[in-house]
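# Per-entry structural report
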Amino acid sequence: MSTPIRVDADVKLDSKILTDVAEALEPHADQMFKQRKGHWIAIVELAHVERTEPGPDEDKNPSVKVRITDLEIAPNAEWELTLRQLLRDLYRERTSDGTFDEHAA
């Protein structure tokens, strides 16, 4: 099995907001407006939109642009706790390679 080639690409977030995503954000808009330093936890789906490969003489990283295609924001404290635990679990899974936690995740 061959090792995939790693590309040091920049990730850019497309600013276009799809209708379904806007509808998921709408119930939270008032609270987001009022809480300038607020945080909201959500489940997000991203889709590939664009890939840019600089020419051989350009001093730029390749980049990929992604768009939020689906989004659900935790509606209450119970869901926030559940999603935060999932975030911790996913983080541990992503960072545990080569650590004692590697097989516990």
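Everything here concerns the structure above.
The structure reproduced in this document is the subject of the present report.

### Here's the deal with the overall build of the chain
Assigned secondary structure in the chain consists of three helices and three strands. On the principal axes, the C-alpha backbone points of the chain span a range of 45 × 40 × 25 Å. Counting over 105 residues, the chain shows a buried share of 13%. Taking all contacts inside the chain whose residues are at least 6 apart in sequence as the whole, residues at least 24 apart take part in 63%. As displayed, the chain offers around 9,200 Å² of accessible surface, 52% of which is attributable to carbon and sulfur atoms. Counting 14 positive and 22 negative side-chain charges, the chain places the centres of these two groups 6 Å from one another.

### Notes on a negative patch on the surface
Residues Asp 20, Glu 23, Glu 26, Glu 45, Asp 70 and Glu 72 make up a contiguous surface patch of negative charge. Looking at the negative patch, the elements that each hand over two or more residues are helix H1 (19–25) and strand S3 (63–73). Within the secondary structure layout, Glu 26 lies in the loop between H1 and helix H2 (29–34). Since its relative accessible area comes to 55%, Glu 26 is described here as exposed.

### Observations concerning the side chain of Asp 14
With respect to the helices and strands, the residue Asp 14 is situated in the loop between strand S1 (10–13) and H1. Overall, the relative accessible area of 15% leaves Asp 14 in the buried class. Beyond its immediate stretch of four places on either side in the chain, Asp 14 contacts Lys 65, Val 66 and Arg 67.

### As for helix H3 (residues 77–95)
Here H3 spans 27 Å end to end across 19 residues, near enough to the 27 Å set by a 1.5 Å rise per residue. Its side-chain oxygen at 3.2 Å from the backbone nitrogen of Glu 78, Asn 76 defines the N-terminal cap of H3.

### Things to note about the pattern of salt bridges
Pairing is possible between side chains that carry opposite charge, provided their charged atoms lie close to one another. Per the counting criterion, the structure on display carries four salt bridges. The residue Arg 51 makes a salt bridge to Glu 53 at a minimum N-O spacing of 2.9 Å. Neither Arg 51 nor Glu 53 differs from the other in exposure class; each is exposed.

### Regarding the environment of Asn 76
Here Asn 76 is to be found in the loop between S3 and H3. Judged by its relative accessible area of 34%, Asn 76 is partly exposed. One polar contact links the side chain of Asn 76 to the main-chain amide nitrogen of Trp 79, over a distance of 2.9 Å.

Conventions and cut-offs
Residues numbered from 1 in each chain as written. Predicted model: local features only at pLDDT ≥ 70, side-chain atom pairs only at ≥ 80, totals over all residues. Heavy atoms only, no water. Helix = DSSP H or I, 4+ residues; strand = E, 2+ residues; numbered from the N terminus. Buried < 20%, exposed > 50% of the residue type's maximum accessible area, 1.4 Å probe, protein only. Contact = heavy atoms within 4.5 Å. Areas by Shrake-Rupley, 256 points an atom, 1.4 Å probe, with all protein chains shown as cover. Lys, Arg positive; Asp, Glu negative; His and termini not counted. Charge placed at Lys NZ, Arg CZ, Asp CG, Glu CD. Patch = residues over 30% accessible without salt bridge, like charges linked within 9 Å, V, L, I, M, F, W, Y side chains within 5 Å. Salt bridge = Lys/Arg side-chain N within 4 Å of Asp/Glu carboxyl O. Expected span 1.5 Å × (residues − 1). Polar contact = N/O pair within 3.5 Å; in protein donor to acceptor, adjacent residues only side chain to side chain.

Distances and angles like these do not, on their own, reveal function.
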